[in-house]
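One-letter residues, chain by chain:
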Amino acid sequence: MRRALEAARRGWGATHPNPMVGAVIVENGRVVADGFHARAGEPHAEIMALKNLGRAPAPGATLYVTLEPCSTTGRTPPCTEAIMRAGIKRVVVGATDPNPQHAGRGLAILRKAGVEVVEGVLAVECADLNFIFNHWITQKTPLIAGKIATTLDGRVATRAGQSKWITGTAARRDAMRWRRLFPAIGVGAGTVLADDPQLTSRIGKNVWCPMRLVFDRTLRTVTKKLPRVYTDEYRKDTAVLCGSRPDRQRERQLTRQGVIVFPVSSKEDSWVKGLREFCESAKLPGVLIEGGPTLLSAFLAAGELDYLFAYRAPKFFADESAIPALSGAVGERMNDAYSLADVRHAVLGDDQLLRGRVVYPDGEGE
């Protein structure tokens, strides 16, 4: 199953809105073929593993797959039919289909056909692989994730605004990997004006550009010298979410560049929620918000932050005027605290990454 997970990750960030899936065929205790789902509309992992085998599986062969085989016809035929047609009599599954309408259906079909099915092997790892897809399918809304990089005392910059670099090379490299997973990245106007970021994923010589979103109510980022996100080769993959009555001259300047201008309600909470409207219209199942603390705090206050990546470095300022990662809430009891669920940890050089699903306070008890 770990080999199947490795295969699945070859589709990292390329399968949206589909999940990443890997499959491995084992004969006599030896891996003889593997496959992965490369992108939506192309063959699923099970089909690719059978194709890569190039022959009929040997009697007694086992198929390992990270996600329950599909049992309905979409862009491609059901994988359950292909498995049965190939004569495979044992299938080992990691995670079940998160879609309540399909969950367990593929497994039941295989069992009814006489196939031995083992489920739940490395289920947590297999489900975590597709946390964006799982949210999209079960909640029917895009997953909004945030990223912070803090000191031990929870600060993202000095009182003067210096933030480069809190974390080390390994953590920043890891952040690029997560950028590659998400179909969209968002930042606030202040970040664009202060840092002029590229907002691309740069891993070695490979550069990949997700949909880039800029939150700019008044289009103040449309300056005399335009930021690079409005002028580079990826500018047509950039959208600006602004107030309902944007400056027409600045709006025309952006549209001439090929940048998308997406006006939303002028109210602060509706403006933040407008991100979901844009994602749904653009069929984006998730977005990673890398904006500053003001933007992330606004998402949190509006109840619109679903997931958090929290990098932490072994540094601290011990300065109450240094800039905190998140602010705005008033908590007098422990039950007023936000928390993370389905938590995953990683050590990156001297730094740490803690990530998980955001759980909002219940406001009850002590």
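Everything that follows concerns the structure shown earlier in this document.
Only a predicted model underlies this, so the values are computations on that prediction, with no experimental measurement involved.

Caption draft 1: Structural context of the sheet that holds strand 12 (residues 238–242). Here we have nine strands laid out as an open sheet, ordered 13-12-11-8-14-6-15-18-17, and mixed in their pairing. The open sheet is flanked by strand 13 (260–263) and strand 17 (339–348), the only strands paired with a single partner. Averaged over all pairs of adjacent strands, the angle between their axes in this sheet comes to 20°, without regard to strand direction.

Caption draft 2: How the structure looks around the packing of aromatic side chains. Taken as a whole, this structure holds eleven aromatic pairs when the rule is applied. A ring pair is formed by tryptophan 12 and tryptophan 178, whose centres lie 5.4 Å apart and whose planes are at 55°; its orientation type is tilted. Taken as a pair, tryptophan 12 in the loop between helix 1 (2–8) and strand 1 (22–27) and tryptophan 178 in helix 7 (residues 169–181) lie far apart in primary sequence, 166 residues in all. Here tryptophan 12 matches tryptophan 178 in class, with each residue buried. Taken together, a centroid distance of 4.9 Å and an interplanar angle of 50° make the contact between tryptophan 178 and phenylalanine 309 tilted. Here the residue tryptophan 178 occupies a position in helix 7, and phenylalanine 309 occupies one in strand 15 (residues 307–312), the gap between them amounting to 131 residues. Neither tryptophan 178 nor phenylalanine 309 differs from the other in exposure class; each is buried.

Caption draft 3: View of the pairing of strand 15. Among the six residues of strand 15, five are classified as buried, and the element is accordingly described as predominantly covered. Relative to strand 15, strand 6 (residues 143–150) is paired through six bridges, and the arrangement is parallel. The residue bridging alanine 145 from the neighbouring strand is tyrosine 307, located in strand 15. Bridge count for strand 15 against strand 18 (residues 351–359) is six bridges, and the pairing is antiparallel. Along strand 18, the bridge assignment pairs tyrosine 307 with arginine 357.

Caption draft 4: Broad picture of the nonpolar core. Grouped together as the largest cluster of nonpolar side chains are 48 residues, with contacts concentrated most on Val91, Phe131, Phe182 and Phe309. Sequence-distant contacts of phenylalanine 309, defined by excluding residues within four places in its chain, comprise Phe131, Ala145, Gly146, Lys147, Ile148, Trp178, Phe182, Leu288, Leu353, Leu354 and Arg355. Grouped together as the second largest cluster of nonpolar side chains are 29 residues, Phe215, Leu241, Val272 and Cys279 included.

Caption draft 5: Local environment of the packing of helix 3 (residues 79–86) against helix 4 (residues 105–112). Their axes nearest at 10 Å, the elements helix 3 and helix 4 cross at an angle of 25°. Viewed along their axes, helix 3 and helix 4 adopt a mutual orientation that is roughly parallel. In terms of crossing hand, the pair formed by helix 3 and helix 4 is right-handed. Mapping the contact onto sequence places Thr80, Ile83 and Met84 in helix 3 and Gly106, Ile109 and Leu110 in helix 4. For the contact of helix 3 with helix 4, the class distribution of residues is four nonpolar, two polar and no charged.

Caption draft 6: Fine view of the packing of helix 2 (residues 45–53) against helix 3. In contact at an axis separation of 9 Å, helix 2 and helix 3 are set at 30° when each is read in the N-to-C sense. Relative to helix 3, the element helix 2 is oriented roughly parallel. As helix 2 runs across helix 3, the sense of the crossing is left-handed. Contacts from Glu46, Ile47 and Leu50 in helix 2 reach Cys79, Ala82, Ile83 and Ala86 in helix 3. By residue class, the composition of the contact of helix 2 with helix 3 is six nonpolar, no polar and one charged.

Caption draft 7: Expanded view of the pattern of salt bridges. Applying the stated criterion across every chain yields a total of 19 salt bridges. The shortest N-O distance in the salt bridge between arginine 344 and aspartate 128 comes to 3.8 Å. One end of the pair, arginine 344, is in strand 17; the other, aspartate 128, is in helix 5 (residues 123–128), and 216 residues separate them in sequence. Classification of arginine 344 by relative accessible area gives partly exposed; the value is 26%. Exposure remark for aspartate 128: the relative accessible area of 16% places this residue in the buried category. A salt bridge links arginine 159 to aspartate 319; its shortest N-O distance comes to 2.9 Å. Here aspartate 319 lies in the loop between strand 15 and strand 16 (323–324) and arginine 159 lies in the loop between strand 7 (155–157) and helix 7, a separation of 160 residues in the sequence.

Caption draft 8: Looking closely at the environment of serine 244. With respect to the secondary-structure elements, serine 244 resides in the loop between strand 12 and helix 9 (248–257). Classification of serine 244 as partly exposed rests on a relative accessible area of 38%. Taking the C-alpha atoms as reference points, serine 244 and proline 263, separated by 19 residues in sequence, lie 4.8 Å from one another.

The rules we used
- Residue numbers run consecutively from 1 along every chain, following the written order of its sequence.
- Where totals are concerned, whole chains, interfaces and linings use all residues; where local detail is concerned, this predicted model gives features only for residues with pLDDT of at least 70, and gives and counts side-chain atom pairs only at 80 or more.
- No hydrogens and no water enter the side-chain calculation; it runs on all heavy atoms of the structure.
- Two strands pair if DSSP finds at least two bridges between them.
- Each helix corresponds to a stretch of at least 4 residues labelled H or I by DSSP, and each strand to a stretch of at least 2 residues labelled E; elements are numbered beginning at the N terminus.
- To obtain each axis, a line is fitted to C-alpha atoms, and for helices this fit is confined to the stretch in contact; angles are then taken between N-to-C directions over 0 to 180 degrees.
- Here a Phe, Tyr or Trp ring, Trp counted by its six-membered ring, pairs with any other such ring whose centre lies within 6.5 Å, and the pair is stacked when the planes are under 30 degrees apart, edge-to-face when over 60, and tilted otherwise.
- Think of it in three bands: with a 1.4 Å probe and only protein chains considered, a residue is buried below 20% of the maximum accessible area for its type, exposed above 50%, and partly exposed in between.
- Here the nonpolar core consists of buried residues drawn from Ala, Val, Leu, Ile, Met, Phe, Trp, Tyr and Cys, with membership extended through side-chain atoms lying within 4.5 Å.
- Contacts: residue pairs with any heavy atoms within 4.5 Å of one another.
- An angle counts as roughly parallel when it lies under 35 degrees, as roughly antiparallel when it exceeds 145, as roughly perpendicular when it falls between 65 and 115, and as oblique in every other case.
- In this scheme, a crossing is called left-handed if the near helix is turned counterclockwise away from the far one by less than a right angle; it is called right-handed if the turn is clockwise.
- Three residue categories are used. Nonpolar comprises Ala, Val, Leu, Ile, Met, Phe, Trp, Tyr, Cys and Pro, charged comprises Asp, Glu, Lys and Arg, and polar comprises the others, including Gly.
- Think of a salt bridge as a Lys or Arg side-chain nitrogen and an Asp or Glu carboxyl oxygen that are within 4 Å of each other.

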